[in-house]
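Structural description and commentary
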Amino acid sequence: MPDEKVKEEKKAEQDSTMIRAEGLVKIYKTKETEVLALQGLDLEVQTGELTAMIGNSGSGKSTFLNMIGGLDRPSAGKLWVDGKNLFTMTERELVSYKRDTVGFVWQNNGRNMLPYLSAMENVMMPMYLSSAKAKKERALELLEMVGMSHKKHSKMNMLSGGEQQRVAIAIALANSPKLLLADEPTGSVDHATADYIFDVFSELNKQGQTILIVTHDMTLSKKVRRVIAIRDGKISSERILKEAYQDRVKESNIDWRMEETQDEYAILDKANRVQLPAELLEQLALSDNKVKIEVRGNELVITKPEES
């Protein structure tokens, strides 16, 4: 067993996979109940990917994001980020991991910044090991990147919600994290600001930044090359941006909410199980939980059983 563990750790270190989750389980317990937030989730995100995760409230997406961010511990399964095993980390290792490996952009800007500091001072805050000159240079570079250098001396109450979110992105990038996590980054801004924020993420991704976004924003999710849908604590499907749209994300003449910009694929888990969308099953008008499955040529066909 120890040899297998060493081999697995070496594989994770050499792998180009930024996130690898296998059979991930999270159980929240109270005196009265147990809530199964993640039910054997399997997922890989490669280094350099810009990936979005979608799902209804209670689907498990925020739980998964918190685990990757080192804010919560898994109950069972395996979880590796940048070659680091989040199951075996000590508290000291976890502090270093949260400082150096991941950057977090919250929907609630208050979690990212201190209101009595200026934009530049907020961006400088995480860089406590750098010299004062290096901090200022890096902070200004990041504020320019997100289009906020002209507001570098402004306190947070002098900035709009969209401007605060752009500063929040700069703060999350202060320590050059390997992985940028964004929780509903466009959830409280207008469409124009949301487009600008997505453009910032796109530019960062072109420079090699790995980014995982949790979002309800349909326009944003339809522009992302890979979208992971999570339902009942498991990956249910993936949407991949069609080739015809991959170089057109900045075009204003495309209605990103209405056009079918992605192909959707159901996902088989490690046990070859698949989640069927409820809206498709409703069309079959099943009387119970049984269906017929058969192969017809290169198609797998699911039909309603004949009434006896």
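Residue positions are given per chain, counted from 1 along the sequence in the order it is written. Thresholds applied to this predicted model are a pLDDT of at least 70 for local features of residues and 80 or more for the giving and counting of side-chain atom pairs; totals over whole chains, interfaces and linings are not thresholded and use all residues. Note that water and hydrogens are dropped before the side-chain values are worked out from all heavy atoms of the structure.

**Here's the deal with the overall build of the protein chain**
The cut-off we apply is this: The helix and strand labels rest on DSSP assignments: H or I over at least four residues marks a helix, E over at least two residues marks a strand, and numbering proceeds from the N terminus. Throughout, radius of gyration means the C-alpha value; the globule benchmark is 2.2 Å times the number of residues raised to the power 0.38. Each residue is placed in one exposure class: buried if its accessible area under a 1.4 Å probe, protein chains only, is under 20% of its type's maximum, exposed if it is over 50%, and partly exposed if it falls in between. Residue contacts follow a heavy-atom distance rule, with two residues in contact if any of their heavy atoms lie within 4.5 Å. For accessible areas, the Shrake-Rupley method is used with a probe of radius 1.4 Å. Any residue's cover is judged against the shown protein chains and nothing else. Here Asp and Glu are counted as negative and Lys and Arg as positive; His is not counted, and neither are the chain ends. We put the charge of a Lys on NZ, of an Arg on CZ, of an Asp on CG and of a Glu on CD.
A count of helical and extended segments in the protein chain gives nine helices and 13 strands. Relative to the globule expectation of 19 Å for 308 residues, the C-alpha radius of gyration of the protein chain, 22 Å, shows essentially globular dimensions. Overall, the C-alpha framework of the protein chain stretches about 80 × 55 × 40 Å when taken along its three principal axes. Counting only residues that meet the buried cut, the protein chain has 45% of its 308 residues in that class. Put simply, of all contacts in the protein chain between residues at least 6 apart along the chain, 65% involve residues at least 24 apart. As displayed, the protein chain has an accessible area near 17100 Å², and 49% of this comes from carbon and sulfur atoms. On the protein chain, the mean spot of the 43 positive side-chain charges and the mean spot of the 47 negative ones are 5 Å from each other.

**Quick word on the pattern of salt bridges**
For clarity, the threshold we go by: We define a salt bridge as a side-chain nitrogen of Lys or Arg found within 4 Å of a carboxyl oxygen belonging to Asp or Glu.
Under the counting rule described, the total for this entry stands at 20 salt bridges. For Lys-178, the salt bridge goes to Asp-82, with nearest N and O atoms at 3.0 Å. Of the two residues, Lys-178 is situated in the loop between α6 (161-172) and β7 (179-183) and Asp-82 in the loop between β4 (76-81) and β5 (84-85); the sequence distance between them amounts to 96 residues. A residue is classified by how much of its surface remains accessible, and Asp-82, at 22% relative accessible area, is partly exposed.

**Observations regarding helix α5 (residues 132-145)**
Stated precisely, the cut-off is as follows: In this scheme, a helix's expected span is set at 1.5 Å multiplied by one less than its residue total. The arc under discussion is defined with respect to the helix axis, by the directions toward the C-beta atoms.
When the terminal C-alpha atoms of α5 are compared, their 20 Å separation across 14 residues agrees well with the 20 Å that a helix rising 1.5 Å per residue should span. Burial in α5 covers these residues: Lys-135, Arg-138, Ala-139, Leu-142 and Leu-143. Down the axis, α5 shows its buried residues gathered within 135 degrees of arc, on one side only. Residues of α5 that are exposed and angled more than 90 degrees away from the buried face: Lys-133 and Glu-144.

**Thoughts on the sheet that holds β5**
Cut-off, in case you're wondering: We call two strands paired when DSSP finds no fewer than two bridges between them. Whenever a helix is involved, its axis is fitted only over the stretch in contact; in every case the axis is a line through C-alpha atoms, and angles between N-to-C directions fall within 0 to 180 degrees.
Strand order in the open sheet formed by four strands is β2-β1-β4-β5, with antiparallel pairing between adjacent strands. Among the strands making up the open sheet, the edge pair consists of β2 (34-46) and β5. Sheet analysis places strand β1 (residues 17-29) next to β4, joined by five bridges and oriented antiparallel. Across the sheet, residue Glu-22 finds its bridge partner in β4, namely Lys-78. In the packing of helix α2 (residues 61-68) onto the sheet, the strands contacted are β1, β2 and β4, and the crossing angle to β1 comes to about 120 degrees.

**A closer look at a nonpolar patch on the surface**
Selection criterion: Residues qualify for a patch when their relative accessible area is over 30% and they have no salt bridge, like charges being joined within 9 Å and the nonpolar side chains of Val, Leu, Ile, Met, Phe, Trp and Tyr within 5 Å.
A grouping of Val-291, Ile-293, Val-295 and Leu-300 is seen on the molecular surface, where their side chains present a nonpolar patch of about 390 Å² in accessible area. Within the secondary structure, Val-291 sits in the loop between α9 (278-284) and β12 (292-296). Using a relative accessible area of 30% as the deciding quantity, one classes Val-291 as partly exposed.

**So, the environment of Gln-39**
What counts here: Residues adjacent in sequence count toward polar contacts only when both atoms are side-chain atoms; beyond that, a polar contact is any pair of N or O atoms within 3.5 Å, and within protein one must be able to donate a hydrogen and the other to accept it.
Residue placement: Gln-39 occurs in strand β2. Linking Gln-39 and Val-25, residues 14 residues apart in sequence, is a C-alpha distance of 5.1 Å. In terms of polar contacts, Gln-39 uses its side chain to reach the backbone carbonyl oxygen of Asp-232, at 3.0 Å.

**Describing the environment of Tyr-128**
With respect to the helices and strands, the residue Tyr-128 is situated in the loop between α4 (119-124) and α5. Considered as a pair, Tyr-128 and Asn-175 are 47 residues apart in the sequence and their alpha carbons are 9.6 Å apart. Ignoring sequence-local partners within four residues, the contact set of Tyr-128 consists of Arg-99 and Lys-135.

**Let's talk about the sheet that holds strand β9 (residues 226-231)**
Across the sheet, which stays open at both edges, the seven strands sit in the order β6-β7-β8-β3-β9-β10-β11 with mixed pairing between neighbours. Of all the strands in the sheet, the pair left with one neighbour each is β6 (102-105) and β11 (262-266). In this sheet, adjacent strand axes meet at a mean angle of 20 degrees when their direction is disregarded. Pairing of strand β10 (residues 234-241) with β11, which is carried by five bridges, proceeds in the antiparallel orientation.

**A look at the packing of aromatic side chains**
As a reminder, the rule being used: Classification of ring pairs uses Phe, Tyr and Trp, with its six-membered ring standing for Trp, and accepts pairs whose centres are within 6.5 Å; under 30 degrees between planes counts as stacked, over 60 as edge-to-face, and the remaining range as tilted. For a ring to carry a charge above it, either NZ of a lysine or CZ of an arginine must fall within 6 Å of the ring centroid while also lying within 35 degrees of the normal to the ring plane.
What the rule picks out here adds up to two aromatic pairs. With centroids separated by 4.1 Å and ring planes inclined at 5 degrees, the aromatic side chains of Phe-104 and Trp-106 adopt a geometry described as stacked. A cation over a ring is seen here: Arg-166 above Tyr-196, with NZ or CZ 4.3 Å from the ring centre.

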